[in-house]
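Structural features, examined
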Amino acid sequence: MSDKNFDPKHNEGDQSEEMKEEGSPVEPVSDSSADTDTDTDTDTDTDTDTDTDTDTDTDASADVQDEEKDAVDRELEIFQDMQRLQADFVNYRSRVERDRGAERQSAISEAIRAFLPALDDLTRAESHGDLLEGSPMAAVAQKLRAAGEKFGLVSFGAKGDRFDPALHDALVQNPNPEVTVAEVADVIEPGYKIQDRLLRPAKVAVFLPAE
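Description of the structure in this document.

The rules behind these values
- Residues numbered from 1 in each chain as written.
- Predicted model: local features only at pLDDT ≥ 70, side-chain atom pairs only at ≥ 80, totals over all residues.
- Heavy atoms only, no water.
- Salt bridge = Lys/Arg side-chain N within 4 Å of Asp/Glu carboxyl O.
- Helix = DSSP H or I, 4+ residues; strand = E, 2+ residues; numbered from the N terminus.
- Buried < 20%, exposed > 50% of the residue type's maximum accessible area, 1.4 Å probe, protein only.
- Phe/Tyr/Trp six-rings, centres within 6.5 Å; stacked < 30°, edge-to-face > 60°.
- Lys NZ or Arg CZ within 6 Å of the ring centre and 35° of its normal.
- Core = buried A, V, L, I, M, F, W, Y, C linked by side-chain atoms within 4.5 Å.

Description of the pattern of salt bridges
- For the structure on display, the rule yields eight salt bridges.
- We note a salt bridge from Arg200 to Asp120, for which the minimum N-O separation is 2.5 Å. Taken together, the positions of Arg200 in strand 5 (residues 197-200) and Asp120 in helix 3 (residues 116-127) put the pair 80 residues apart, joining distant regions of the chain.
- Judged by relative accessible area, which is 15%, Arg200 ranks as buried.
- Taking relative accessible area as the criterion, Asp120 reaches 5% and is therefore assigned buried.
- Measuring nitrogen to oxygen at the nearest pair gives 2.6 Å for the salt bridge that ties Arg124 to Asp121. Of this pair, Arg124 and Asp121 both sit in helix 3, separated by three residues, roughly a single helical turn.

Next up, the structure:
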């Protein structure tokens, strides 16, 4: 065989025709399909990350809301405790002031009760004309009465008053057809009280209705 008759280009053309005749050639894979699959996988991963971030944000928001609710509950509890403490303090202060006032009133009452017998003697002496106006004893009686009035001392018991066993001590009882209810016939010793506190009942003689 002569080398001059050998044509490579001609042989290549023949081989291509033979390959076409023997079977269909394998088509190359398209780059666009590979890119589509890659994009799909990327989108799936992105969606998964987005869902995870959303769940994380939701859990974090729920935790923040729970913490805020707990803080509000604690503040409300502290506020209620402070209100109770304030109410207890107000009640305690009122009770202390009330007790202090009662103790003060009791001390004043006992002090005045101690000089009532002297005031009785001066009153009897005055009623009998033994206390002359301007005399030293008259001045003493006036000062004692002024001291008692300063602390609210008042005397009670007068002839003709309706008899009250809570205020009067009946030393003498006489029937009288002219009265329909028991009344004071005479005052032996006047009674005394400071405001609503009774220091001593009045000692009286009483007229009783006749049967």
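Re the packing of aromatic side chains
- Scanning the model with the defined rule gives zero aromatic pairs in all.
- Positioned over the ring face of Phe156 is Lys193, at 5.7 Å from the centre of the ring.

Describing the nonpolar core
- Counting residues in each nonpolar core, the largest one holds eight residues, listed as Ile108, Ile112, Leu116, Leu119, Leu153, Tyr192, Ile194 and Leu199.
- Listing elements by their share of this core, those giving two or more residues are helix 2 (31-114), helix 3 and strand 4 (191-194).
- Phe156, Val184, Ala202 and Val204 belong to the second-largest nonpolar core, a separate cluster that totals six residues.

Read these as spatial facts, not as claims about activity.
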